[in-house]
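Observations on the model geometry
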Amino acid sequence: MSKFFDPKRAESATADKRLYAPATARNRDVILDVLRDCHPGEGTLLEIASGSGEHAVHMADHFEQAFWQPSDIDGDKIESINAWRAASGTKQVLPAICFNVLTDDMQSLNVSAPLKVVMAANLIHIAPWAVAEALITKAGDALAQDGMLFLYGPFKRGGAHTAASNESFDQSLKSRDTSWGVRDLEAVSDLASTAGFIKTSIIEMPANNLSVVFRKT
């Protein structure tokens with residue numbers, strides 16, 4: 001979806017296709033703690049813009065009755081996800097798929113179990129607003145009642161940044177692409193409400209990020 005998220009490949013001569021993202025290593029455990037509390041424990045979780053794949057292989061085995069469907073639009077990321085999957089030996093992570101939330105149909109995905117969760121971490125601020133609109137609308141169409149939409153990242157609240165570091169980050173994003181930027185939580189919540197969701201949890205996370213959980217009504 002963007003080149004702002006730019007994980008690196010190990011420089012060893014024997015390195016495989018796995019990419020490494022320092023931010024993922026920092027946030028994966030705190031995100032896992034939130035998911036443990038709100039994940040239904042069954043069905044399929046569709047992760048949009050999975051990036052390196054480190055989230056998937058780190059978290060999926062904690063939900064033994066569920067599957068994790070990683071996706072991305074970048075070929076290098078898909079190779080990395082599948083390399084992490086192979087190296088981990090996990091049975092819960094499915095082969096990565098190419099999925100563009102702007103153009104592809106979430107309802108027609110061939111998943112191993114009913115779709116219960118749609119997750120996007122660090123996506124909607126590093127993409128045009130149309131991506132947030134498509135993500136939330138399509139999740140609303142694809143998820144059944146009580147399905148979960150999970151978003152993680154920085155947000156504004158009441159139109160204001162929650163920290164000076166987020167304001168600086170927002171400026172940095174917009175300097176790269178004027179269509180990017182830290183999103184207002186109320187605007188995201190309005191989209192979710194239109195798509196049939198209610199906001200059930202807002203969890204403050206390290207580095208001035210939020211985890212936001214919406215449930216399909």
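Before any of the text, the structure's been laid out above.
Residues numbered from 1 in each chain as written. Predicted model: local features only at pLDDT ≥ 70, side-chain atom pairs only at ≥ 80, totals over all residues. Heavy atoms only, no water.

**Considerations on the sheet that holds strand β3 (residues 43-47)**
Within the open sheet, the seven strands sit side by side as β5-β4-β3-β6-β7-β11-β10. Their pairing is mixed. Either end of the sheet is taken by a strand with one partner, and the two such strands are β5 (97-98) and β10 (197-205). One ladder, built from four bridges, connects β3 with strand β6 (residues 115-121); its direction is parallel. Each bridged residue has a counterpart across the sheet, and for threonine 44 the counterpart in β6 is leucine 115. In the packing of helix α3 (residues 75-88) onto the sheet, the strands contacted are β4 (66-72) and β5, and the crossing angle to β4 comes to about 155°. Taken strand by strand, helix α4 (residues 129-142) contacts β6, β7 (148-153), β10 and β11 (209-216), and its axis lies near 170° from that of β6. (Pairing = 2+ DSSP bridges. Helix = DSSP H or I, 4+ residues; strand = E, 2+ residues; numbered from the N terminus. Contact = heavy atoms within 4.5 Å. Axes fitted to C-alpha atoms, helices over the stretch in contact; angles between N-to-C directions.)

**Some points on the packing of α4 against helix α6 (residues 185-194)**
Following both chains from N to C, one finds α4 and α6 inclined at 35°, their axes separated by 9 Å at the closest point. Crossing of α4 over α6 shows right-handed handedness. The residues of α6 that touch α4, namely those facing Trp129, Ala132, Glu133 and Ile136, are Ala187, Val188, Leu191 and Ala192. A class-by-class count of the residues in the contact of α4 with α6 yields seven nonpolar, no polar and one charged. (Left-handed = near helix turned anticlockwise from the far one by under 90°. Nonpolar A, V, L, I, M, F, W, Y, C, P; charged D, E, K, R; others polar.)

**Quick notes on the environment of valine 182**
Tracing the backbone shows valine 182 in the loop between α5 (164-176) and β9 (183-184). Taking the C-alpha atoms as reference points, valine 182 and lysine 138, 44 residues apart in sequence, are found 21 Å from one another. Those residues within four positions of valine 182 in sequence are excluded, and the remaining contacts are His125, Pro154, Phe155, Lys156, His161, Asn166, Phe169, Asp170 and Leu173.

**Some thoughts on α6**
Taken residue by residue, α6 has Leu185, Val188, Ser189, Leu191 and Ala192 as its buried positions. The buried residues of α6 occupy an angular sector of 155° when the element is viewed end-on, so they sit on one face. Seen from the open side of α6, the exposed residues pointing more than 90 degrees away from its buried face are Asp190 and Thr194. Looking at the buried positions of α6, the neighbouring elements they touch are α4, β7, β8 (155-156), β9, β10 and β11. At the N-terminal end of α6, a side-chain oxygen is found 2.9 Å from the backbone nitrogen of glutamate 186, two or three residues along, and the residue is aspartate 184. (Buried < 20%, exposed > 50% of the residue type's maximum accessible area, 1.4 Å probe, protein only. Arc of directions from axis to C-beta. Polar contact = N/O pair within 3.5 Å; in protein donor to acceptor, adjacent residues only side chain to side chain.)

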